[in-house]
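Each chain, written out:
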Amino acid sequence: MALIGRVVYFVAWMFAMLLLPKVIRQQKKGKPTAPVLFRYVILIALLAVTIVGLCLFFPEQIVTLMFGEAYLPIAGLLWQYALATALFALSNIFAYYYLSLDQYLPVIVSALVGLLQLVLIIFFHDTLEGIVQIQIGSMFVLLLLQVAYYYKNRNGQLQKS
C-alpha cells in the first residue's frame, strides 16, 4: 500500500524541484510568483485526483497486478492512503514555494503537523485503517494551514502595495 501511495508523492516531489528555480527566477525579475505556484498546484491536484480515482475504482486490480492476490486485504485502504499522500504532496508544494521565497514558517508548520501525526499514531494505532485515517486528517489540516498562510500572506502583501 505504501509503495503505491508513494507514487503521488515522488511525482509531486519532482514537480516541486522544478517549482523552486522558477519561483526564484520570477522573484528576481520582480514578477508575480503566484501563477507559478498555481500551475504546479493544479498539475499535482490533477495527478492526485487521477491516482486516487484509480485506487478508489480499481483497488483489487491494482493490488493484484502489482503484488498478487495475497495482498488483497489492503485493497480497500488503497484510495485512502493515496488521498493522504496526495494531501501531503499538495501541502509540500506550498512549503517548497515559501522555502524558495526564504519564508520558513510553512516548513515549520509542516514539521509540527508531522510531529502531531506521529503522536496521534502512537496513541491510536489499533488498526491500519485508523492509522490511515489519522494520516488523512493530519494532511488535510496541514493543507488547510498552508492555504490559509498563503491567503493571509497574499492579503498582507496586497495591503502593503
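What counts and how
- Residues numbered from 1 in each chain as written.
- Predicted model: local features only at pLDDT ≥ 70, side-chain atom pairs only at ≥ 80, totals over all residues.
- Heavy atoms only, no water.
- Phe/Tyr/Trp six-rings, centres within 6.5 Å; stacked < 30°, edge-to-face > 60°.
- Helix = DSSP H or I, 4+ residues; strand = E, 2+ residues; numbered from the N terminus.
- Buried < 20%, exposed > 50% of the residue type's maximum accessible area, 1.4 Å probe, protein only.
- Axes fitted to C-alpha atoms, helices over the stretch in contact; angles between N-to-C directions.
- Contact = heavy atoms within 4.5 Å.
- Expected span 1.5 Å × (residues − 1).
- Patch = residues over 30% accessible without salt bridge, like charges linked within 9 Å, V, L, I, M, F, W, Y side chains within 5 Å.
- Areas by Shrake-Rupley, 256 points an atom, 1.4 Å probe, with all protein chains shown as cover.
- Salt bridge = Lys/Arg side-chain N within 4 Å of Asp/Glu carboxyl O.
- Lys, Arg positive; Asp, Glu negative; His and termini not counted.
- Charge placed at Lys NZ, Arg CZ, Asp CG, Glu CD.
- 1 Å grid on protein atoms, 1.4 Å probe; cavity = no way out; pocket = protein on both sides within 12 Å on 5 of 7 lines; lining within 4 Å.
- Points joined across faces, edges and corners; volume = space filled by probe spheres on them.
- Nonpolar A, V, L, I, M, F, W, Y, C, P; charged D, E, K, R; others polar.
- Core = buried A, V, L, I, M, F, W, Y, C linked by side-chain atoms within 4.5 Å.

A. Spotlight on the packing of aromatic side chains. Scanning all chains against the criterion turns up six aromatic pairs. Ring plane angle 80° and centroid distance 4.9 Å describe the contact between Tyr-98 and Tyr-149, whose orientation is recorded as edge-to-face. Taken together, the residues span a long stretch of sequence, with Tyr-98 in helix α4 (residues 78–100) and Tyr-149 in helix α6 (residues 128–160) at a distance of 51 residues. Joined through ring pairs, the aromatic side chains of Phe-38, Phe-94, Tyr-150 and Tyr-151 make up one cluster.

B. Quick peek at the side chain of Ser-100. As for its position among the elements, Ser-100 is in helix α4. Residue Ser-100 is classed as buried on the basis of its relative accessible area of 7%.

C. Here's a closer look at the packing of α4 against helix α5 (residues 105–123). α5 packs onto α4 with a crossing angle of 145° between their chain directions and a minimal axis gap of 8 Å. Seen from α4, the contacting residues are Ala-95, Tyr-98 and Leu-99; seen from α5, they are Pro-106, Val-107 and Ser-110.

D. Molecular detail of α4. With 23 residues, α4 ought to run about 33 Å at 1.5 Å a step, and its terminal C-alpha atoms sit 33 Å apart, in line with that. Taken across its 23 residues, α4 has 19 buried, putting it largely inside the fold. Trailing α4 by a residue or two, Asp-102 shows a phi angle of about 60°, which is positive.

E. Region of the structure containing a positive patch on the surface. Residues Lys-22, Arg-25, Lys-29, Lys-31 and Arg-39 make up a contiguous surface patch of positive charge. Tracing the backbone shows Lys-22 in helix α1 (residues 2–28).

F. Examining a nonpolar patch on the surface more closely. A cluster of nonpolar residues, Leu-99, Tyr-104, Leu-105, Val-107, Ile-108, Leu-112, Leu-115, Leu-118, Val-119, Ile-122, Phe-123 and Phe-124, forms a patch on the protein surface that exposes about 1,100 Å² of accessible area. Element by element, the count of residues in the nonpolar patch is highest for α5, at nine residues. Secondary-structure assignment places Tyr-104 in the loop between α4 and α5.

G. Highlighting the layout of surface pockets. The computed volume of the second largest pocket comes to approximately 190 Å³. Those elements giving two or more residues to the lining of the second largest pocket turn out to be α1, α4 and α6. In terms of residue count, the dominant contributor to the lining of the second largest pocket is α4 (four residues). Among the residues making up the lining of the second largest pocket, the classes are represented as five nonpolar, three polar and one charged.

H. Representation of the nonpolar core in the model. In this structure, Met-1, Leu-19, Leu-37, Ile-44, Ile-93 and Tyr-97 are the most contacted members of the largest nonpolar core, which totals 44 residues. The set of elements that each furnish at least two residues to this core consists of α1, α2 (34–57), α3 (59–67), α4 and α6. Residue contributions to this core peak at 13 residues, all from α4. If we ignore the near neighbours within four places in the chain, the residues touching Tyr-97 are Leu-19, Val-23, Thr-33, Ala-34 and Leu-37.

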